[in-house]
Amino acid sequence: MMITRKCLAAALVATTVLGAQAVEAGASAFYGWQVANVPWGDTLNVRKYPASHSQKQAAYPNGTPLQMTGRCTKGLSLDAIAGLSAWQQSQAVRYRWCEVWHDPKQTGDWTVGWVYGRYISPY
């Protein structure tokens, strides 16, 4: 019984700490976007870091829904553009990398990655 309580306490502390960090980072909400504008027969690469030479984590075809964390490079937050039209939002991220929350191996092991804004649009 002691081990169970210790594990439960540790899990509660970890959840509280991680939850507080997510709120501080502004990643407490997810934004629904999708893969778009990828040439026929090609896929959008999700990268480990916001750079085209970074390690590829996964690749998704047009129409694939994406869970965006709300964070993009050059200080852009998806929160800041949420009230704009879909076209205006797409233009705002066009030349930026945006962070996604995804499960690249489809095993329940979710992680963050980065996609180039030219190939995403609001869902």
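Keep in mind it's a predicted model, so treat the numbers as computed, not measured.

What counts, and at which threshold
Residues numbered from 1 in each chain as written. Predicted model: local features only at pLDDT ≥ 70, side-chain atom pairs only at ≥ 80, totals over all residues. Heavy atoms only, no water. Disulfide = S-S within 2.5 Å. Helix = DSSP H or I, 4+ residues; strand = E, 2+ residues; numbered from the N terminus. Buried < 20%, exposed > 50% of the residue type's maximum accessible area, 1.4 Å probe, protein only. Contact = heavy atoms within 4.5 Å. Core = buried A, V, L, I, M, F, W, Y, C linked by side-chain atoms within 4.5 Å.

S.K.: So what's going on with the state of the cysteines? Which residues, and what values?
M.R.: Scanning all chains against the criterion turns up one disulfide. Covalent S-S linkage joins Cys72 and Cys98, the inter-sulfur distance amounting to 2.1 Å. Looking along the S-S bond of the Cys72-Cys98 disulfide, the torsion reads about 105°, which is the right-handed sense. You can see Cys72 sitting in strand E4 (residues 65-72) and its partner Cys98 sitting in strand E5 (residues 97-102), a full 26 residues away along the chain. Under the relative-accessibility criterion, Cys72 is labelled buried at 5%.

S.K.: Break down the side chain of Thr64 for me, citing the residues and quoting the values.
M.R.: Position of Thr64 among the secondary structure elements: in the loop between strand E3 (56-60) and E4. Apart from the residues within four sequence positions on either side, Thr64 is in contact with Trp33, Gln34 and Val35.

S.K.: A description of the nonpolar core should follow, citing residues and the corresponding values.
M.R.: Residues Trp33, Leu66, Met68, Leu78, Val93 and Ile120 are the most contacted members of the largest nonpolar core, which totals 20 residues. At the level of secondary structure, the elements contributing two or more residues to this core comprise strand E1 (31-35), strand E2 (44-47), E3, E4, helix H2 (78-81), helix H3 (86-93) and E5.

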